[in-house]
Amino acid sequence: MQWKNWFRFDAGRVSYMAFEWWVMRLGLAVMALVATPAGLPYSSQPTPVGIAKFLDLNWLGDPSTPTWMMPLLVLFAILLGFGLAPLLGAAGLLVLHTAVGTFANSQGGGGGSHHSTNLIGLMLLGQVLACLYRDAGALRRGGWRGLLAVRGQDWAWFRHLGRHPAVGFRRASDAMESSAEAFRSLQIYTILQMMAMSYVVSGISKLWRSGGSWLSETRNLPLQFEKNRLNEFHDTLVMPAQTSTDWMAAWIGQHPTLAALLFGGGLFLELFAFAGLWNRRSLACFGLAIISMHIMISDLMNLGFFYNKIALLLFWVNVPWWIHTLRRRGGLKHHTA
């Protein structure tokens, strides 16, 4: 029965069609390109963090850096986005994205790096790990010849797709198509795991750093709202106008228990984000719920989470697949009527 599909355990066993991966892969490439500025207005790293403790990243602040870095970013994005060399493209974007984010965060006080770009780095890492896993298996089975064989299979798939474009919108029907389907499904599932992990770690860190009292401390959120207002004032010397945030701050102060329950829902979504991987339907439901959480936080605390929302919409909600499914089912009903 159809309702059973909502509860069927499919984690790690979902097979994705090529068109789904095209949309996801292009979206990831574009997000990585946008989230990685080729030039930064800094000349030193006064408070080094991460790899900046071991590497000098000051070259990223050189005025000449954008002239060669932007073309390189575009090249890596094309290699990843069009699947021409996914490992090289993802690895190149990951290295540059990490270097730029680390250099920005090494300025003290967060530098110019928005924390929501961290998810892009984790997604690129997932892509790299999936490609390396497939290559490691090929090397183990057949050595360098095995590695060359899987590369040959990738290009054979492109030729096959060129001759039969319809294969991009249906399930695999032969060995070559099955191999391509397994590889893209591996990449997508690894990225999904990295995304889920980021939310689970975020939830755990809230409880860990607060000593388990994060929910009870929601009564202090109005102070955070006022801090955001004053930060904006000191940035622009213009006091922000009254917004719905002020109403929410007052409401939290008057109803701390209800506020704790409201924000507790967001904490629950973070801690149990891994449950979204149960199947396609749970993934879409969790994706929409977490997007709603981000929208609420964006309004309350002036935190955009732009990349998180787009990434969830592309990889978790996966709108193209739902459209394709509804159209296919509509066609089947029309055919059988």
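Heads up: these notes are all about the structure in this document.

Definitions and limits used
Residues numbered from 1 in each chain as written. Predicted model: local features only at pLDDT ≥ 70, side-chain atom pairs only at ≥ 80, totals over all residues. Heavy atoms only, no water. Helix = DSSP H or I, 4+ residues; strand = E, 2+ residues; numbered from the N terminus. Buried < 20%, exposed > 50% of the residue type's maximum accessible area, 1.4 Å probe, protein only. Areas by Shrake-Rupley, 256 points an atom, 1.4 Å probe, with all protein chains shown as cover. Phe/Tyr/Trp six-rings, centres within 6.5 Å; stacked < 30°, edge-to-face > 60°. Polar contact = N/O pair within 3.5 Å; in protein donor to acceptor, adjacent residues only side chain to side chain. Patch = residues over 30% accessible without salt bridge, like charges linked within 9 Å, V, L, I, M, F, W, Y side chains within 5 Å. Salt bridge = Lys/Arg side-chain N within 4 Å of Asp/Glu carboxyl O. Axes fitted to C-alpha atoms, helices over the stretch in contact; angles between N-to-C directions. Parallel < 35°, antiparallel > 145°, perpendicular 65-115°, else oblique. Left-handed = near helix turned anticlockwise from the far one by under 90°. Nonpolar A, V, L, I, M, F, W, Y, C, P; charged D, E, K, R; others polar. Contact = heavy atoms within 4.5 Å.

**A short note on the overall build of the protein chain**
In terms of helices and strands, the protein chain carries 11 helices and 0 strands. Overall, the protein chain shows an N-to-C arrangement of helices and strands of α-α-α-α-α-α-α-α-α-α-α. Out of the 337 residues belonging to the protein chain, those deemed buried represent 43%. Counting every atom, the protein chain has about 18,100 Å² of accessible surface; 68% of that belongs to carbon and sulfur.

**Details of the packing of aromatic side chains**
The full count for this structure, using the stated rule, is 10 aromatic pairs. Between W155 and F158 the ring centres are 5.5 Å apart and the planes differ by 45°, which places this aromatic pair in the tilted class. In this pair, W155 and F158 both sit in helix 4 (residues 118-163), 3 residues apart, roughly one turn of the helix. Judged by centre distance (4.8 Å) and plane angle (80°), the ring pair of W321 and W322 falls under edge-to-face. With relative accessibility at 8%, the residue W321 sits in the buried group. According to the relative accessible area criterion, W322 is partly exposed, its value standing at 25%.

**Concerning the side chain of E20**
Structurally, the position occupied by E20 is in helix 1 (residues 18-34). We classify E20 as buried; its relative accessible area is 0%. Reaching out from E20, the side chain makes a polar contact with the side chain of N318 at a distance of 2.7 Å.

**Thoughts on the environment of S202**
Along the chain, S202 falls in helix 5 (residues 175-209). For S202, a relative accessible area of 23% corresponds to the partly exposed category. As a C-alpha pair, S202 and L267 span 65 residues in sequence and 8.8 Å in three-dimensional space.

**Remarks on a nonpolar patch on the surface**
A grouping of L26, M70, V74, I78, F82, L84 and W155 is seen on the molecular surface, where their side chains present a nonpolar patch of about 600 Å² in accessible area. Relative to the helices and strands, L84 is located in the loop between helix 2 (65-81) and helix 3 (86-105). On the basis of relative accessible area, L84 is assigned to the partly exposed category, the value being 38%.

**Remarks on the packing of helix 4 against helix 5**
The N-to-C vectors of helix 4 and helix 5 enclose an angle of 160°; their axes lie 7 Å apart at closest approach. When the axes of helix 4 and helix 5 are compared, the pair comes out roughly antiparallel. Between helix 4 and helix 5 the crossing geometry is right-handed. Grouping the constituent residues of the contact of helix 4 with helix 5 by class yields 18 nonpolar, 8 polar and 4 charged.

**Regarding the pattern of salt bridges**
What the rule picks out here adds up to 8 salt bridges. The salt bridge partner of K206 is E270, with a shortest N-O separation of 3.0 Å. Of the two residues, K206 sits in helix 5 while E270 sits in helix 8 (residues 256-271), which places them 64 residues apart along the sequence. Look at K206 and you get partly exposed, because its relative accessible area is 23%. Each of R134, D135, R151 and D154 takes part in one network of salt bridges that share partners.

**Examining the environment of F169**
Within the secondary structure, F169 sits in the loop between helix 4 and helix 5. The class for F169 is partly exposed, based on a relative accessible area of 43%. Each C-alpha atom, one on F169 and one on H324, is 8.6 Å from the other, the two residues being 155 residues apart in sequence. Excluding residues within four positions of it along the chain, F169 makes contact with M17, F19, W22 and H324.

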